[in-house]
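Topology and contacts: notes
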Amino acid sequence: DPEIFVDTHTSNGADYQYTMTCLDTQPQKLGGSLGRYLIEKFTPSLFETMKRKGYEMCPFVNVYGKTPDNGYAQFFDYPRFSTGYTALFQTIGFMSEAHMLKPFKDRVQATYQFLISIIENGATNKDEIISIRKKDRLDILEKEFYELTWSQDLSNPDTIIFKGYEASQINSNVTGGTRLKYHHNKPYEIKIPYFNKLIPNNSISVPEAYIIPQAWEKVIQHFETNNIAYTRIQADTLIEVEAYYIEDFKTYQSPYEGHYPHYNTVLKPVQMQIKVKRGDIHVPVKQQGLRYIIETLEPQGEDSFFKWNFFDPVLQQKEHFSTYVFEETAEQLLIEKPWLKDSLEQKVRKDKDFGNNSRAQLDYIYRNSEYFEKSYRLYPVFRILQKN
């Protein structure tokens, strides 16, 4: 639980004059007084210290397959990344990026001086940092709404001085096509836009607590690893909760870090009464891990447990009907529910393929009946809402 965390890297990508670049925790995500202190005081002081030591820096050059001449955006540090993760605990995070094309000795020295500069600035301002962080950790417990997802603000960039090399496309002796070539004999120093601001685009209400059925052991293990406090339900009971049905989602078709992450998740919130069993997990939200709890348990979170496939079993329909057995039940349902009969007939008229598919029609009736599997796509983590 440090006040400041540092992750040291070597960077690839574009070519430029700097031996060292760095990225820090996105200030708006860090939020509060600590976010303002980071962008207004600590980061500028760090850059000035490194320049004085002969290792002038610029923000991490976040370009892929392009040159930075026309500007670039701050690295989007999702919670899966170190500086995004530290923000969940009100910790300032830095990632140093020594440039791979510079001599090894220079990269080692630049990284060493970066670490020393962090220590020097931290020691000089330790009382202020500790005080601000303590205040922010109390303030976040009073949040009623939480900004869950963000997007780049492309309308309001800062301007930075960038020291690069001119680049051009030259003929490739390997492919016969063209390749990118940086010209070290043509250095430049120009002003470029730097897009370092974010816009929140999905805010949710902060619940009082979450209920996690004990079957989801991997989730509980992650909570223990991250020092998230919880209690075990002592006896079977009924409780009113807000639940989510997963109405829609997309899944990446190629693996990423051993997973097939979900995205564009659409939720349908419902109020319901659930049976909580002895041994299930009750997680109060108002604790120092509040942000970690919300980011991992809200399905639409940028790095939620749902996104990373922890809850995929609920996406599989387990219960179905036998066609010849369900026929008579379906017939009775259409008699008892005229609205369902009207809806079915409208769909048959509008959708020719549906009208020629008897199984699909029975399935439509089944899905709109009380017999349909109630746990299908029911997100198995439940929200206990704040008491008025």
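Refer to the structure above for everything that follows.
In short, a report on the structure. (Residues numbered from 1 in each chain as written. Predicted model: local features only at pLDDT ≥ 70, side-chain atom pairs only at ≥ 80, totals over all residues. Heavy atoms only, no water.)

1. A short note on empty space enclosed by the protein
Taken as a whole and judged by the stated rule, the model has one cavity of 30 Å³ or more. For the largest cavity, the calculated volume is near 80 Å³. If you trace the largest cavity, you find it lined by Lys29, Asp77, Pro79, Gly84, Ala87, Leu88, Tyr146, Glu147, Trp150, Arg291, Glu295 and Glu302. Among the elements that make up the lining of the largest cavity, the one with the highest residue count is strand β6 (residues 145-152) (three residues). Classifying every residue of the lining of the largest cavity by side-chain character gives five nonpolar, one polar and six charged. (1 Å grid on protein atoms, 1.4 Å probe; cavity = no way out; pocket = protein on both sides within 12 Å on 5 of 7 lines; lining within 4 Å. Points joined across faces, edges and corners; volume = space filled by probe spheres on them. Helix = DSSP H or I, 4+ residues; strand = E, 2+ residues; numbered from the N terminus. Nonpolar A, V, L, I, M, F, W, Y, C, P; charged D, E, K, R; others polar.)

2. Here we look at the sheet that holds strand β4 (residues 72-73)
If you walk across this open sheet you meet the three strands as β4-β8-β7, and the pairing is mixed. Every interior strand has two partners, whereas the edge strands, β4 and β7 (158-171), have only one. Pairing analysis gives two bridges linking β4 to strand β8 (residues 178-195), with the strands arranged parallel. Within β8, the position partnered with alanine 73 by the bridge is phenylalanine 195. (Pairing = 2+ DSSP bridges.)

3. Considerations on the packing of aromatic side chains
Inspection of every chain in the model, using the stated rule, returns 31 aromatic pairs. Summarising the aromatic geometry, the rings of phenylalanine 223 and phenylalanine 305 are spaced 6.2 Å apart at their centres and angled 40° between planes, so their arrangement reads as tilted. Taken together, the positions of phenylalanine 223 in helix α6 (residues 217-225) and phenylalanine 305 in the loop between α7 (290-297) and α8 (323-336) put the pair 82 residues apart, joining distant regions of the chain. Taken individually, phenylalanine 223 and phenylalanine 305 each receive the classification buried, so the pair is uniform in this respect. (Phe/Tyr/Trp six-rings, centres within 6.5 Å; stacked < 30°, edge-to-face > 60°. Buried < 20%, exposed > 50% of the residue type's maximum accessible area, 1.4 Å probe, protein only.)

4. Quick look at the environment of glutamate 345
Counting through the fold element by element, glutamate 345 comes out in helix α9 (residues 338-350). For the pair glutamate 345 and glycine 355, spaced 10 residues apart in the sequence, the C-alpha separation amounts to 8.8 Å. Reaching out from glutamate 345, the side chain makes a polar contact with the side chain of lysine 341 at a distance of 2.6 Å. (Polar contact = N/O pair within 3.5 Å; in protein donor to acceptor, adjacent residues only side chain to side chain.)

5. Quick word on the sheet that holds strand β3 (residues 57-59)
If you trace the four strands from one edge of the open sheet to the other, you get β1-β5-β2-β3, paired in mixed fashion. Each edge of the sheet is formed by a strand with only one pairing partner; in this case those strands are β1 (4-11) and β3. Sheet twist, expressed as the average angle between the axes of neighbouring strands with direction ignored, equals 25°. In this structure, β1 lies alongside strand β5 (residues 92-99), joined through eight bridges in parallel fashion. Each bridged residue has a counterpart across the sheet, and for threonine 10 the counterpart in β5 is alanine 98. Running at roughly 30° to β5, helix α2 (residues 32-52) makes contact with β1, β2 (20-24), β3 and β5 of the sheet. (Axes fitted to C-alpha atoms, helices over the stretch in contact; angles between N-to-C directions. Contact = heavy atoms within 4.5 Å.)

6. Notes on helix α5 (residues 126-139)
Look at α5: 20 Å from first C-alpha to last across 14 residues, which is about the 20 Å you get at 1.5 Å a residue. Of all the residues in α5, the buried ones are Ile129, Ile132, Arg133, Asp136 and Arg137. Buried positions in α5, seen along its axis, are confined to an arc of 135° and lie on one side of it. With respect to the buried face of α5, the exposed residues turned more than 90 degrees away are Asp127, Lys134 and Leu138. (Expected span 1.5 Å × (residues − 1). Arc of directions from axis to C-beta.)

7. Describing the pattern of salt bridges
A complete count under the given rule lists 19 salt bridges for this structure. Across the pair aspartate 248 and lysine 250 runs a salt bridge whose closest N-O atoms are separated by 3.6 Å. For aspartate 248, a relative accessible area of 32% gives the class partly exposed. According to the relative accessible area criterion, lysine 250 is partly exposed, its value standing at 38%. Note that glutamate 370 is salt-bridged to lysine 337, the shortest N-O span being 3.2 Å. Within this pair, whereas glutamate 370 is found in the loop between α11 (358-367) and β15 (382-384), its partner lysine 337 is found in the loop between α8 and α9, the two being separated by 33 residues in sequence. What you see here is one network of salt bridges that share partners, running through Asp1, Glu3, Arg133 and Arg137. (Salt bridge = Lys/Arg side-chain N within 4 Å of Asp/Glu carboxyl O.)

8. Overview of the nonpolar core
Counting 36 residues, the largest nonpolar core has Ile212, Val219, Phe223, Ile294, Leu297 and Phe311 as the members making the most contacts within it. Every element with two or more residues in this core is listed here: β6, β10 (209-212), α6, β12 (237-251), β14 (281-284) and α7. Ranked by residues supplied to this core, first place goes to α7 with five residues. The next biggest cluster of nonpolar side chains, apart from the first, holds 20 residues, and it includes Leu34, Leu38, Phe94 and Phe114. (Core = buried A, V, L, I, M, F, W, Y, C linked by side-chain atoms within 4.5 Å.)

9. Brief notes about the layout of surface pockets
One number sums up the size of the largest pocket: a volume of about 580 Å³. If you go around the largest pocket, you meet 24 residues; those closest to its centre are Thr43, Phe47, Pro59, Ile160 and Tyr194. Looking at the lining of the largest pocket, the elements that each hand over two or more residues are β2, α2, β3, β7 and β8. The element best represented in the lining of the largest pocket is α2, accounting for seven residues. When grouped by side-chain class, the residues that make up the lining of the largest pocket number 14 nonpolar, three polar and seven charged. Pro79, Arg80, Asp303, Phe305 and Trp308 are, among the 18 residues lining the second largest pocket, the residues nearest its centre. Sorting the residues of the lining of the second largest pocket by element identifies α6 and α7 as the ones contributing at least two each. Considering each element in turn, the lining of the second largest pocket owes the most residues, three residues, to α7. Its residues placed into classes, the lining of the second largest pocket shows nine nonpolar, five polar and four charged.

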